[in-house]
Amino acid sequence: MLYSILLGVIGGPELGVIVIALLLLFGGKKIPELMRGLGQGVRAFKEGQYDKKPTPEPANKEESASK
């Protein structure tokens, strides 16, 4: 239900205003860098989400340092 409400609110003119605002705020050269960083962050989150192998932490730090 919420999905259908949001589709009715954001349309073509609204997206155009958002794109123009982003261009004014960040400039044309900075946007690809921002999107690249956002994509890398999403990719790292998804990889971490599906990583089922928990890394065991040593019970005692002194024991792991002496080995």
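Before reading further, recall that the structure is shown in the block above.
Here goes a summary of the coordinates provided. Predicted, not measured: the structure shown is a model, and the values here were computed from it.

### Here we look at the overall build of the protein chain
Thinking step 1. A tally of regular secondary structure across the protein chain gives four helices and zero strands.
Thinking step 2. Order of helices (α) and strands (β) in the protein chain, N terminus to C terminus: α-α-α-α.
Thinking step 3. The buried share among the 67 residues of the protein chain stands at 1%.
Thinking step 4. On the protein chain, roughly 6600 Å² of surface is accessible, and the fraction owed to carbon and sulfur atoms is 66%.

### A word on a nonpolar patch on the surface
Thinking step 1. Taken together, Val9, Ile10, Leu15, Ile18, Leu22, Leu25, Phe26, Leu34, Met35, Leu38 and Val42 make up a surface patch of nonpolar side chains, about 1000 Å² in accessible area.
Thinking step 2. Within the residue set of the nonpolar patch, elements represented by two or more residues are helix 2 (12–26) and helix 3 (30–50).
Thinking step 3. Sort the elements by how many residues they give to the nonpolar patch and helix 2 lands first, with five residues.
Thinking step 4. Locating Leu22 in the fold gives a position in helix 2.
Thinking step 5. Residue classification places Leu22 among the partly exposed positions, given a relative accessible area of 34%.

### Observations regarding helix 2
Thinking step 1. Between its terminal C-alpha atoms helix 2 stretches 21 Å, which fits the 21 Å expected from 15 residues at 1.5 Å a residue.
Thinking step 2. Phi turns positive, to about 85°, at Gly27, one or two residues after helix 2.

### Quick word on the pattern of salt bridges
Thinking step 1. Tallying each qualifying case throughout the model produces one salt bridge.
Thinking step 2. A salt bridge links Glu33 to Lys30; the shortest N-O distance between them is 3.5 Å. Placement of both Glu33 and Lys30 in helix 3 is noted, with a separation of three residues, approximately one turn of the helix.
Thinking step 3. Judged by relative accessible area, Glu33 falls into the partly exposed class, the value being 44%.

Thresholds applied
Residues numbered from 1 in each chain as written. Predicted model: local features only at pLDDT ≥ 70, side-chain atom pairs only at ≥ 80, totals over all residues. Heavy atoms only, no water. Helix = DSSP H or I, 4+ residues; strand = E, 2+ residues; numbered from the N terminus. Buried < 20%, exposed > 50% of the residue type's maximum accessible area, 1.4 Å probe, protein only. Areas by Shrake-Rupley, 256 points an atom, 1.4 Å probe, with all protein chains shown as cover. Patch = residues over 30% accessible without salt bridge, like charges linked within 9 Å, V, L, I, M, F, W, Y side chains within 5 Å. Salt bridge = Lys/Arg side-chain N within 4 Å of Asp/Glu carboxyl O. Expected span 1.5 Å × (residues − 1).

What is shown is where atoms sit, not what they do.
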